Amino acid sequence: MRELNRTNFKTEKRPIKILQFGEGNFLRAFVDWILQDLNDAGVICSDVAVVQPRASGHMDKLAAQDGLYTV
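Source: prediction; values computed, not measured.

What about the overall build of the protein chain?
Right, on to step 1. The number of helices and strands found in the protein chain is 2 helices and 2 strands.
Right, on to step 2. The C-alpha atoms of the protein chain give 12 Å as radius of gyration, which agrees with the globular expectation for 71 residues (11 Å, within 12%).
Right, on to step 3. If one aligns the C-alpha atoms of the protein chain with their principal axes, the spans along those axes are about 35 × 30 × 20 Å.
Right, on to step 4. Of the contacts made within the protein chain by residues no fewer than 6 positions apart, 75% connect residues no fewer than 24 positions apart.
Right, on to step 5. With the model as given, the accessible surface of the protein chain reaches about 5,400 Å², and the carbon-plus-sulfur share is 59%.
Right, on to step 6. If the 9 positive side-chain charges of the protein chain are averaged to one point and the 9 negative ones to another, these points end up 2 Å apart.

Here it is as structure tokens:
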């Protein structure tokens, strides 16, 4: 299986218009999934910037994947 990063998976560059506080599973699997559907449908054109609100967060894991993840 290929490593998940922007070298192996091309993504569309969109402006960041949404600031998301938290990187938990609910936000990534529900809220960001809906945003991706809206982007795919042409309703919006926006990427998300994620802020880690707690020191015990998971931003290091997301950073290792260039901010990409799958649902």
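A closer look at the pattern of salt bridges
Right, on to step 1. Evaluated as defined, the whole model comprises 2 salt bridges.
Right, on to step 2. A salt bridge links Glu-12 to Arg-14, with the shortest nitrogen-to-oxygen separation between them at 4.0 Å.
Right, on to step 3. On the basis of relative accessibility, which here comes to 16%, the residue Arg-14 falls in the buried class.
Right, on to step 4. One continuous salt-bridge network, built from bridges that share partners, spans Glu-12, Arg-14 and Asp-47.

Observations concerning the pairing of strand S2 (residues 47-51)
Right, on to step 1. Note that strand S1 (residues 16-21) and S2 share 5 bridges and pair parallel. Pairing of Leu-19 across the sheet is with Ala-49, part of S2.

Rules used throughout
- Residues numbered from 1 in each chain as written.
- Predicted model: local features only at pLDDT ≥ 70, side-chain atom pairs only at ≥ 80, totals over all residues.
- Heavy atoms only, no water.
- Helix = DSSP H or I, 4+ residues; strand = E, 2+ residues; numbered from the N terminus.
- Rg over C-alpha atoms; globule rule 2.2 N^0.38 Å.
- Contact = heavy atoms within 4.5 Å.
- Areas by Shrake-Rupley, 256 points an atom, 1.4 Å probe, with all protein chains shown as cover.
- Lys, Arg positive; Asp, Glu negative; His and termini not counted.
- Charge placed at Lys NZ, Arg CZ, Asp CG, Glu CD.
- Salt bridge = Lys/Arg side-chain N within 4 Å of Asp/Glu carboxyl O.
- Buried < 20%, exposed > 50% of the residue type's maximum accessible area, 1.4 Å probe, protein only.
- Pairing = 2+ DSSP bridges.

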